[in-house]
Amino acid sequence: MPERAEQKKLRFLLKGYEEGWLKYEPREKKEIDFNKYTIAQVNEINNVLLLIRHIVDQAYQSIPESSQEGRPSKSASDKAKAVLMQQFFQCSNRVAAGFVDLFREKLRIKENLTYKDIERAYDNSDVALILHVAHQLSNEPVASKEKNFSIDGTGLPESSKQNYANDREKGFAMKGYEKLIAIFGNRYKLIGACDIADTHDNESPYLKPLLDELMAIYEELNLFQGDSAYLSRDNCKAIVAYGGTPRIYPKSNTVINQKGSKAWTQMLLAFITDPQKWLQEYHPRSISESGNSVIKRRFPRNLLKRDYTRRKCEAFSRACVYNIRQLNYIHYLCPEIRVHWLN
């Protein structure tokens, strides 16, 4: 059966983009107010500690702490603050215990925490719940403003000798990493939803549950971008179900036939009709790559926890601290956003 004209054109355009003669015309870069950026950097440590205190306290009030028999355990709220502070300063458990004493008043930590308390906090179910609520709360200041999102995955190494990008190119990125899959807001660059996946897992099935989590916080969805790892008819349908427009880059063997997903066919036909516009709507996806790059640079230490549960909590807590740190910069650089914990 002869190939449809639309299918031929899709393959032609994809080949052109890969070979470089179909080029994306980038948008103008936004200017940064470096005076305000400097003020944000000067106040970063103080504001991050204040945000950890206020957000964790608010998260703690919204959850019931589990009752345990025997000797009462130390406050999960104090432990959650210690975990986030430890990840911000990228220090060992013993050094973190010293920072708890140093910043006890700033963080409003009520009890003395030993390095063992901090170590065991990473597999405490109450601490894990507080961190998840705190992550949701960190998105609330921009929930009515952010409408465009992109998704990407990256590997967080368990050894300082590893580099995910290099290992992936060589086919070795299956061991020694925890894979962080995150949805970033394109405007304010907060992580709206994330999960820690097994390195062997296909990333595509993570899109829908993360999108559900995202839209439990945000009010509106417009554009949603992802690379070809997230290409599926089900993902296109999920995005359109929330009122969004999918921009997931096709693979060279992609077939236009909708097979029950009208959103899939519409996305591909839009690429054929106006490739330049489609690419302009797709390329903000690089923001998620930039966000993952910031996480790697801001948290240079490899994941230190040997226990799998603790290691997943360590990876997730870094995503929380990334958001909290980003709120400090939003506070100074985005006057339309009110970060009420800092006012």
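The notes below deal with the structure included here. (Residues numbered from 1 in each chain as written. Predicted model: local features only at pLDDT ≥ 70, side-chain atom pairs only at ≥ 80, totals over all residues. Heavy atoms only, no water.)

**Observations concerning helix α13 (residues 275–282)**
The element α13 is extensively covered by neighbouring structure, given that six of its eight residues are classed as buried. All of the buried residues along α13 are Pro-275, Gln-276, Trp-278, Leu-279, Glu-281 and Tyr-282. (Buried < 20%, exposed > 50% of the residue type's maximum accessible area, 1.4 Å probe, protein only. Helix = DSSP H or I, 4+ residues; strand = E, 2+ residues; numbered from the N terminus.)

**Thoughts on unusual backbone geometry**
Positive phi outside glycine occurs at Gln-90, with the angle close to 55°. Here Gln-90 lies in the loop between α4 (76–89) and α5 (93–102). You can call Gln-90 buried: its relative accessible area is 13%. For Lys-189, which is not glycine, the phi dihedral falls at a positive 65°. For Lys-189, the location among the structural elements is in the loop between β2 (177–185) and β3 (191–197). Under the relative-accessibility criterion, Lys-189 is labelled partly exposed at 35%.

**As for the nonpolar core**
Among the nonpolar cores identified, the biggest contains 99 residues, and Leu-131, Leu-211, Phe-224 and Ile-330 are the most heavily contacted of them. In contact with Leu-211, other than residues within four places in its own chain, are Ile-183, Leu-221, Phe-224, Ala-238, Ile-239 and Tyr-242. (Core = buried A, V, L, I, M, F, W, Y, C linked by side-chain atoms within 4.5 Å. Contact = heavy atoms within 4.5 Å.)

**A word on the pattern of salt bridges**
Side chains bearing opposite charge may pair, as long as their charged atoms lie close to each other. Counted by the stated rule, this structure contains 18 salt bridges. Here Glu-281 makes a salt bridge to Arg-247, at a shortest N to O gap of 2.9 Å. Taken together, the residues span a long stretch of sequence, with Glu-281 in helix α13 and Arg-247 in strand β5 (residues 245–248) at a distance of 34 residues. It is possible to trace a salt-bridge network through shared partners that takes in Lys-116, Glu-119, Asp-123 and Arg-310. (Salt bridge = Lys/Arg side-chain N within 4 Å of Asp/Glu carboxyl O.)

**Section: the pairing of β3**
Of all the seven residues making up β3, six are buried; the element is thus mostly covered by neighbouring parts of the structure. The pairing of β2 with β3 spans six bridges and is antiparallel. The residue of β3 that forms the bridge with Lys-179 is Ala-197. Between the antiparallel neighbours β2 and β3 lie five residues, among them Lys-189 with a positive phi of about 65°. (Pairing = 2+ DSSP bridges.)

**Describing the packing of helix α11 (residues 233–241) against helix α12 (residues 262–273)**
At a minimum axis separation of 7 Å, α11 and α12 run at an interaxial angle of 95°. Between α11 and α12, the angle falls in the class roughly perpendicular. For the pair α11 and α12, the contacting residues are Arg-233, Cys-236, Lys-237 and Val-240 in the first and Ala-263, Trp-264 and Met-267 in the second. For the contact of α11 with α12, the per-class residue count stands at five nonpolar, no polar and two charged. (Axes fitted to C-alpha atoms, helices over the stretch in contact; angles between N-to-C directions. Parallel < 35°, antiparallel > 145°, perpendicular 65-115°, else oblique. Nonpolar A, V, L, I, M, F, W, Y, C, P; charged D, E, K, R; others polar.)

**Thoughts on α5**
Since the α-helix turns once every 3.6 residues, residues separated by three or four places project in the same direction. Within α5, burial applies to Asn-93, Ala-96, Ala-97 and Val-100. Buried residues in α5, looked at end-on, bunch into an arc of 105°, giving them a common side. Away from its buried face by more than 90 degrees, α5 exposes Arg-94 and Leu-102. On its buried side, α5 packs onto α4, α6 (104–107) and α7 (115–121). (Arc of directions from axis to C-beta.)

**Notes on the packing of aromatic side chains**
In total, this model carries 15 aromatic pairs according to the counting rule given. Their ring planes at 45° and their centres at 5.4 Å tell us that Tyr-17 and Tyr-249 sit as a pair that is tilted. In this pair, Tyr-17 sits in helix α1 (residues 5–19) while Tyr-249 sits in the loop between β5 and α12, placing the two residues 232 residues apart along the sequence. Measuring from centroid to centroid gives 5.8 Å for Phe-89 and Phe-103, while their planes differ by 5°, and the two rings are stacked. (Phe/Tyr/Trp six-rings, centres within 6.5 Å; stacked < 30°, edge-to-face > 60°.)

**Thoughts on the environment of Val-339**
Among the structural elements, Val-339 can be located in the segment after α15 (308–333). For the pair Val-339 and Val-142, spaced 197 residues apart in sequence, the C-alpha separation works out to 8.8 Å. Leave out the neighbours within four places in its chain, and Val-339 touches Leu-51, Leu-327, Ile-330 and His-331.

**Some words on the sheet that holds β5**
The strand order across the open sheet built from five strands is β3-β2-β1-β4-β5, with neighbouring strands paired in mixed fashion. A single partner strand is all that each edge strand has here, and the edge strands are β3 and β5. Pairwise comparison of adjacent strand axes, ignoring direction, gives a mean angle of 25° for this sheet.

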